[in-house]
Amino acid sequence: MGTVITLAIVAAAVGLAIRSMVRDKKKGKSLQCGGDCSHCGGHCH
């Protein structure tokens, strides 16, 4: 039973992380740039 609960918690955490990355990507942010134009060559919006 403990394994099932742990698996559910880990799956929820991974799901939230993916959801956050998708939302950031839709807003024009990316993992490489981070929204700081001085680090990505000025390609930020």
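Look a little higher up for the structure.
Note that the structure is a prediction, hence the values are computed from the model and not measured. (Residues numbered from 1 in each chain as written. Predicted model: local features only at pLDDT ≥ 70, side-chain atom pairs only at ≥ 80, totals over all residues. Heavy atoms only, no water.)

Of regular secondary structure, the protein chain possesses two helices and zero strands. Taking all 45 residues of the protein chain together, 7% fall into the buried category. Carbon together with sulfur atoms contributes 65% to the accessible area of the protein chain, which is approximately 4000 Å² in total. (Helix = DSSP H or I, 4+ residues; strand = E, 2+ residues; numbered from the N terminus. Buried < 20%, exposed > 50% of the residue type's maximum accessible area, 1.4 Å probe, protein only. Areas by Shrake-Rupley, 256 points an atom, 1.4 Å probe, with all protein chains shown as cover.)

Our next topic: a nonpolar patch on the surface. Taken together, the side chains of V10, V14, I18, M21 and V22 present a nonpolar region at the surface, about 410 Å² in accessible area. Using a relative accessible area of 47% as the deciding quantity, one classes V10 as partly exposed. (Patch = residues over 30% accessible without salt bridge, like charges linked within 9 Å, V, L, I, M, F, W, Y side chains within 5 Å. Salt bridge = Lys/Arg side-chain N within 4 Å of Asp/Glu carboxyl O.)

Right, let's talk about helix α1 (residues 2-26) for a bit. For α1, spanning 25 residues, the distance from its first C-alpha to its last is 36 Å, which sits close to the expected 36 Å at 1.5 Å a residue. Directly after α1, the chain includes G28, whose backbone phi takes a positive value near 95°. (Expected span 1.5 Å × (residues − 1).)

Here the focus is a positive patch on the surface. On the surface, R19, R23, K26 and K27 cluster together to form a positively charged patch. Examined against the element boundaries, R19 turns out to sit in helix α1. The partly exposed category is assigned to R19, whose relative accessible area is 45%. (Lys, Arg positive; Asp, Glu negative; His and termini not counted. Charge placed at Lys NZ, Arg CZ, Asp CG, Glu CD.)

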